[in-house]
Amino acid sequence: MRLAGNIPVKITQIVEESPTVKRFTLAPTVDDKLPAFTGGSHLKTFITTTDGTQIEREYSLVSHPQNRAYYEIAISKDTNSRGGSVYWHECMAVDDELEVTFPRNYFALNPFAKNHAFYASGIGITPFLAMMEDIQFDQTFELHYAARTPEECAFYEELQKRYGDKVKFYFSRVEEPNRLCTEVMKEHRIGTHVYFCGPVAMVEEFRDAAFAYGYPEKAVHFELFSTGQDTRERNAFTVALTDSQKEIEVQAEETLLDALLREGINAPFACKIGGCGSCEVEVVDGEVDHRDHFLSNENKAKRKSILTCCSRAKEQKLSLKL
């Protein structure tokens, strides 16, 4: 059954970009054209497995933003997969049908930047593929892309051919390794905005370094796809909602966001992994156990807010402006 507001599509092509990355072309099955999007956008896919299970996953759009005939996504087969990437790689085939949401963008290019410096590691290359196509004529850009080897570097030949010396590759498992390090950011000219996408540890290292080098907060941008499972202890707690005059119990096995949605509260959210800041809510009273990767350490200390998708109460109760 089609979900309200979603777009029905079918797979028309599958290309192996590396031993672990496949690119899927998704064409509309109802309308001739798909909704427009901007570089850095992502969408959520809904596939139903052979046993009837529905898998929902979000992926960056890698196709040209001006091409509305189809969407393209690239998926890495994750060894720690919860089932999504493995199913895409091993079970999805040409002519298979699925649904996707309208594109959303929480990782957009800053229109006031003089120069865009993109830093990608592994599958973190995906949002930058469309972003580089969206660069305005009076702006410049450069891509710094880290992978283990050229063979494992998705889109390697395409990037070389299309962008030439605007792309610099860094390979860690070759005869003469050339590792990507934060020091590169010291060389950028004034007016440069930096963008990071890759493993959580890489993104946090580069984000923190950018602030240490003096980049203003508005010039630092990043996106996370997955943070893995949070293995830290999760306590049950109570939240009092000052606007709706409700009190909700949050169980240890659920997130604050889950509890809010369960009770019919119109709480904002998007990525659900603590990476985009969309679910940030003002805290009226109580201490927060911050578990997100979006807020800086300074903001966590000073800002009275919580990202409901992952952070929790330190004590037994929180009051939120909701």
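The paragraphs below set out a description of the structure included in this document. This is a predicted model, so every value here is computed, not measured. (Residues numbered from 1 in each chain as written. Predicted model: local features only at pLDDT ≥ 70, side-chain atom pairs only at ≥ 80, totals over all residues. Heavy atoms only, no water.)

## Considerations on the pattern of salt bridges
Right, on to step 1. Within this structure, the stated rule accounts for 14 salt bridges.
Right, on to step 2. Between Glu90 and Lys77 there is a salt bridge whose closest N-O contact spans 2.8 Å. Taken as a pair, Glu90 in helix α1 (residues 84-90) and Lys77 in the loop between β5 (71-76) and α1 lie far apart in primary sequence, 13 residues in all.
Right, on to step 3. Here Lys77 falls in the partly exposed class, since its relative accessible area comes to 34%.
Right, on to step 4. Close ionic contact of Asp208 with Arg207 constitutes a salt bridge, the shortest N to O distance being 3.3 Å.
Right, on to step 5. For Asp208, a relative accessible area of 38% gives the class partly exposed. (Salt bridge = Lys/Arg side-chain N within 4 Å of Asp/Glu carboxyl O. Helix = DSSP H or I, 4+ residues; strand = E, 2+ residues; numbered from the N terminus. Buried < 20%, exposed > 50% of the residue type's maximum accessible area, 1.4 Å probe, protein only.)

## Focus on the state of the cysteines
Right, on to step 1. According to the stated counting rule, one finds 0 disulfides in the structure shown.
Right, on to step 2. Here Cys153 stays free of any disulfide, with the sulfur of Cys197 as its closest cysteine sulfur at 14 Å.
Right, on to step 3. Taking the relative accessible area as the measure of exposure, Cys153 reaches 2% and is therefore buried.
Right, on to step 4. Of the cysteine sulfurs around Cys309, a residue in no disulfide, the closest is that of Cys279, at 3.7 Å.
Right, on to step 5. A relative accessible area of 8% means that Cys309 is categorised as buried. (Disulfide = S-S within 2.5 Å.)

## Let's talk about the pairing of strand β9 (residues 167-171)
Right, on to step 1. Counting buried positions along β9 gives 4 out of 5 residues, so the element sits mostly inside the fold.
Right, on to step 2. Of the strand pairs in this sheet, strand β8 (residues 140-147) and β9 are connected by 5 bridges, and their pairing is parallel. Residue pairing in the sheet places His144 in a bridge with Lys168 of β9.
Right, on to step 3. In this fold, the crossover linking β8 to β9 by way of helix α3 (residues 156-163) has right-handed handedness. (Pairing = 2+ DSSP bridges. Right-handed = clockwise from strand over helix to strand, strands pointing away.)

## Topic: the pairing of strand β1 (residues 7-18)
Right, on to step 1. Taken together, the 4 bridges between β1 and strand β6 (residues 97-100) define a ladder with antiparallel strand orientation. Each residue of the ladder has a partner; that of Ile7, found in β6, is Val100.
Right, on to step 2. For β1 and strand β2 (residues 21-28), the ladder comprises 8 bridges, and the chain directions are antiparallel. Opposite Ile11, over in β2, you have Leu26 as the bridge partner.
Right, on to step 3. Where β1 hands over to β2, the hairpin turn is made up of 2 residues, counted between the paired strands.

## Topic: unusual backbone geometry
Right, on to step 1. One non-glycine residue, Phe155, lies in the positive phi region at around 70°.
Right, on to step 2. Considering the arrangement of structural elements, one finds Phe155 in the loop between β8 and α3.
Right, on to step 3. Take Phe155: its relative accessible area is 4%, and that puts it in the buried class.
Right, on to step 4. The backbone of Gln245 sits at a positive phi, close to 55°, despite the residue not being glycine.
Right, on to step 5. Mapped onto the elements, Gln245 comes out in the loop between β12 (237-241) and β13 (246-250).
Right, on to step 6. What makes Gln245 exposed here is its relative accessible area of 68%.

## So, the packing of aromatic side chains
Right, on to step 1. By the definition in use, this model includes 17 aromatic pairs.
Right, on to step 2. A centroid spacing of 6.0 Å and a plane angle of 45° characterise the contact between Tyr145 and Phe169, whose relative ring orientation is tilted. Taken together, the positions of Tyr145 in strand β8 and Phe169 in strand β9 put the pair 24 residues apart, joining distant regions of the chain. The pair Tyr145 / Phe169 is uniform in exposure class, with both members buried.
Right, on to step 3. Members of the aromatic cluster, each reached through a chain of ring pairs, are Phe107, Phe118, Phe128, Phe141, Tyr163 and Tyr195.
Right, on to step 4. The positively charged end of Arg207 is found above the aromatic ring belonging to Phe222, 5.5 Å away from the centroid. (Phe/Tyr/Trp six-rings, centres within 6.5 Å; stacked < 30°, edge-to-face > 60°. Lys NZ or Arg CZ within 6 Å of the ring centre and 35° of its normal.)

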